[in-house]
Amino acid sequence: MSPIQKCIKKKSTKNKPIWLMRQAGRYLPEFRDIRAKNPDFIKLCLNEKLSTEISLQPLRRFDLDAGIIFSDILMLPYGLGQSVEFKKNFGPELGEVQIENLSNQSEAQFIKKLLPVYNLINNMSKSEIIKEKDLFGFVGAPWTLLVYMINRMSPKKKLNKNFFNNKDLIDKLLKVIVKFTKIHLKHQVRAGATIIQIFDSWAGLVDEKDLEYFIYKPTREIVNFSKSLNVPVICFPREIKDYKKFVETINPDVVSIDYNIDPKDISDTIQIPIQGGLDPKILLSNKENLKIEAKRYLDIFKDHPYIFNLGHGVLPETDPNMVDYLVKMVKDY
Ligand code: CP3
């Protein structure tokens, strides 16, 4: 059994496995080389040879316990026929939602568009490097996808008030998102993903009174569906105010925490395996500081099943030597 599966299924506290969100990305010069020659990000994600190579890059450098596929949560709206573009220094830009078109999309059409993603997973699972390690498939949580699909760009810090105006559209769109998220998950698992992470990057934007409708209900459906496929599922409801309530309501196999929440508080109140927490900015400081901060998480979760990770993705300015230092330090703990 892989170290991550042991941690989740056997509740092992002995080993502290490690992988990093955005471990395949811009902080690696070998990624930037490929990226420079491939200006269209979606096309790059759909180039199964290159996306396989990019997913393998961090595993060649560091002794990580899992790979994650090089893809994006916005491949789902793309697969549904909404236009998605990644603009330099701006981020994603989406076209207007044509709800009738999205609702009429068939599973076959969707799968056909995203076939290279499943082929990438298949390639990865055959690779020598991933043996004994886990391979992460992932999806965006319905709420976070809804945010991008309606807002049509990153909400940065807050959503504008008229986001919630069209209740009918929101209701229909959430249903379409849940339906196709399940389809996307099913095909990732069939292709060889051994574990799933659900990214809810904008969970922190939802008011308490709206949590059930936007977060709990749709996420529960996705979590239960993943469990029915017999793969563990990790939820990352970034900046949600009440992680304990989230865990009790959703019942994921693991919850991944952000860097604004007190890890001691999490360790005292939540029983299930925990992942992550370390502020990615710490990797921009120095080794002494990194050691102190990483050790703080390891000490707090010493007697807890814990998967080491960050509280959000690796930042593009990160020195790969700092990542190397971190991985070795966690392995030697
Ligand atoms: O290594 C990995 O973690 C796997 C690949 C991965 C990417 N995106 C590649 C990517 C994963 C797991 C994601 C998830 C993702 N994508 C999330 C959830 C996690 C989070 O960061 O909150 C979100 C919200 C997105 C949407 C997205 N994709 C945005 C807002 C942006 C632009 C801002 C940014 O970080 O660059 C992206 C682009 C993106 N996705 C890049 C990568 C490597 C950078 C593309 C580039 O090279 O320009």
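Described in the following lines is the structure provided in the data block. Every chain's residues receive numbers from 1 upward, in the order its sequence appears when written. pLDDT decides what is reported in this predicted model: residues at 70 or higher carry local features, side-chain atom pairs at 80 or more are listed and counted, and totals for whole chains, interfaces and linings draw on all residues regardless. Computation of side-chain values covers all heavy atoms of the structure but excludes hydrogens and water.

1. A closer look at the site of the ligand
Definition in use: Distances are taken per atom, and a residue is near a molecule or strand as soon as one of its heavy atoms is within 4 Å of it. As used in this structure description, the phrase polar contact means that two N or O atoms lie within 3.5 Å; if the pair is within protein, one of them must be able to donate a hydrogen and the other to accept it, and residues adjacent in sequence are counted only when both atoms belong to side chains. In short, Shrake-Rupley with a 1.4 Å probe defines the accessible areas, and a residue's cover is counted only from the protein chains shown. Here a cavity denotes grid points, spaced 1 Å and computed from the protein atoms alone, that fit a 1.4 Å probe unable to get out, and a pocket denotes an open set having protein on both sides within 12 Å along at least 5 of 7 lines; residues with an atom within 4 Å of a point are the lining. Think of it this way: if more than half of a molecule's atoms are within 2 Å of a pocket's grid points, that molecule is in the pocket or cavity.
Taken together, 22 residues lie near the ligand, and Arg22, Arg26, Arg35, Asp72 and Ser201 sit nearest. Ala24 is positioned such that a nitrogen or oxygen atom in its backbone is 3.0 Å from an oxygen atom of the ligand. Note that an oxygen atom of the ligand is positioned 2.5 Å from one of the side-chain N or O atoms of Ser201. In isolation the ligand exposes 860 Å². Once the protein is present, 87% of that is buried. Mapping the ligand onto the cavity grids shows that it belongs to the largest pocket.

2. Details of the pattern of salt bridges
It is possible for side chains of opposite charge to pair when their charged atoms get near one another. Rules: Throughout this description, the term salt bridge denotes a Lys or Arg side-chain nitrogen within 4 Å of a carboxyl oxygen of Asp or Glu. What counts as a helix is a DSSP run of H or I of at least four residues, what counts as a strand is a run of E of at least two, and both are numbered from the N terminus. Accessible area is worked out with a 1.4 Å probe on protein chains only. A residue is then buried under 20% of its type maximum, exposed over 50%, and partly exposed in between.
Here the structure, examined in full by the defined rule, presents 22 salt bridges. Note that Lys133 and Asp63 form a salt bridge whose closest N and O atoms lie 3.6 Å from each other. With Lys133 in the loop between helix H7 (107-126) and strand S4 (134-140) and Asp63 in the loop between helix H4 (48-61) and strand S1 (66-68), the pair connects residues that are 70 residues apart, well separated along the chain. Classification of Asp63 as partly exposed rests on a relative accessible area of 46%. When the shortest N-O distance is used, the salt bridge between Lys331 and Asp65 registers 3.0 Å. Of the two residues, Lys331 is situated in helix H14 (residues 320-332) and Asp65 in the loop between H4 and S1; the sequence distance between them amounts to 266 residues. Using a relative accessible area of 33% as the deciding quantity, one classes Lys331 as partly exposed. One salt-bridge network, held together by shared partners, links Asp63, Asp65, Lys133 and Lys331.

3. A word on helix H9 (residues 167-191)
Using the following cut-off: By this rule, a helix spans an expected 1.5 Å times one less than how many residues it contains.
Between its terminal C-alpha atoms H9 stretches 36 Å, which fits the 36 Å expected from 25 residues at 1.5 Å a residue. Directly after H9, the chain includes Gly192, whose backbone phi takes a positive value near 130 degrees.

4. Thoughts on the environment of Ile129
Test applied: It only takes one pair of heavy atoms within 4.5 Å for two residues to be counted as in contact.
When you line up the elements, Ile129 lands in the loop between H7 and S4. Using a relative accessible area of 27% as the deciding quantity, one classes Ile129 as partly exposed. In this structure the C-alpha to C-alpha distance between Ile129 and Glu293, which are 164 residues apart in sequence, comes to 29 Å. Not counting chain neighbours up to four residues away, the residues in contact with Ile129 comprise Leu56, Leu59 and Arg60.

5. Section: the state of the cysteines
Put plainly, a disulfide is one covalent bond tying together the sulfur atoms of two cysteines. Applicable threshold: A pair of cysteine sulfur atoms is labelled a disulfide when the two atoms are within 2.5 Å.
If you walk through the whole model with that rule in mind, you get zero disulfides. Cysteine Cys235 is unpaired, with the sulfur of Cys7 as its nearest cysteine sulfur at 16 Å. By relative accessible area, Cys235 is classed as buried at 1%.

6. Here's the deal with the nonpolar core
Just so we agree on the cut-off: As used in this record, nonpolar core signifies buried Ala, Val, Leu, Ile, Met, Phe, Trp, Tyr and Cys residues forming a set joined through side-chain atoms within 4.5 Å.
With 120 residues, the main nonpolar core has Trp143, Ile215, Phe308 and Leu326 as its most contacted residues. Counting residues per element, this core draws most heavily on H9, which supplies 11 residues. Dropping the residues within four chain positions of it, Trp143 is found in contact with Leu159, Phe163, Phe164, Asp200, Trp202, Ala203, Leu205, Val206, Phe214 and Ile215.

7. Some words on the layout of surface pockets
Empty pockets left among the atoms are what a rolling probe the size of a water molecule brings to light. Under the convention used in this document: Grid points are joined across faces, edges and corners, and a volume is the space filled by probe spheres set on the points.
Estimates place the volume of the largest pocket at around 2,000 Å³. At the level of secondary structure, the elements contributing two or more residues to the lining of the largest pocket comprise helix H2 (29-37), strand S2 (84-87) and strand S3 (91-94). The element contributing the most residues to the lining of the largest pocket is H2, with four residues. Each pocket or cavity is described by its volume, and for the second largest pocket that value is around 300 Å³. Along the walls of the second largest pocket sit 14 residues, with Lys161, Phe164, Asp207, Lys209 and Asp210 positioned nearest its centre.

8. Digging into the side chain of Asp200
On the secondary structure map, Asp200 appears in strand S5 (residues 195-200). One polar contact links Asp200 to Thr144, side chain to side chain, over a distance of 2.6 Å. Aside from chain neighbours lying at most four places away, what touches Asp200 is Ala141, Trp143, Thr144, Ile215, Thr219, Phe236, Pro237 and Arg238.

9. Observations regarding empty space enclosed by the protein
Our working rule: Residue classes follow a fixed rule: Ala, Val, Leu, Ile, Met, Phe, Trp, Tyr, Cys and Pro count as nonpolar, while Asp, Glu, Lys and Arg count as charged, and any other residue, Gly among them, counts as polar.
Counting across every chain of the model gives one cavity of 30 Å³ or more. By volume, the largest cavity amounts to about 30 Å³. If you trace the largest cavity, you find it lined by Asp72, Ile73, Met75, Leu76, Phe138, Val139, Gly140, Leu145 and His184. Counting residues per element, the ones that place at least two in the lining of the largest cavity are helix H5 (75-80) and S4. Examining the composition of the lining of the largest cavity, we find that three residues originate from one element, S4, more than from any other. Across the lining of the largest cavity, the residue classes tally to six nonpolar, two polar and one charged.

10. Details of the sheet that holds strand S6 (residues 233-237)
Test applied: Strands qualify as paired when DSSP identifies two bridges or more between them. Every angle, taken between N-to-C directions, lies between 0 and 180 degrees, and every axis is a line fitted to C-alpha atoms, over only the stretch in contact when it is a helix.
In spatial order, the strands read S1-S4-S5-S6-S7-S8-S9; together these seven strands make up an open sheet with parallel pairing. The two strands at the open ends of the sheet, each matched to only one other strand, are S1 and strand S9 (306-307). Against the sheet, helix H11 (residues 243-250) contacts S6 and strand S7 (254-257), and its axis sits at roughly 155 degrees relative to S7.

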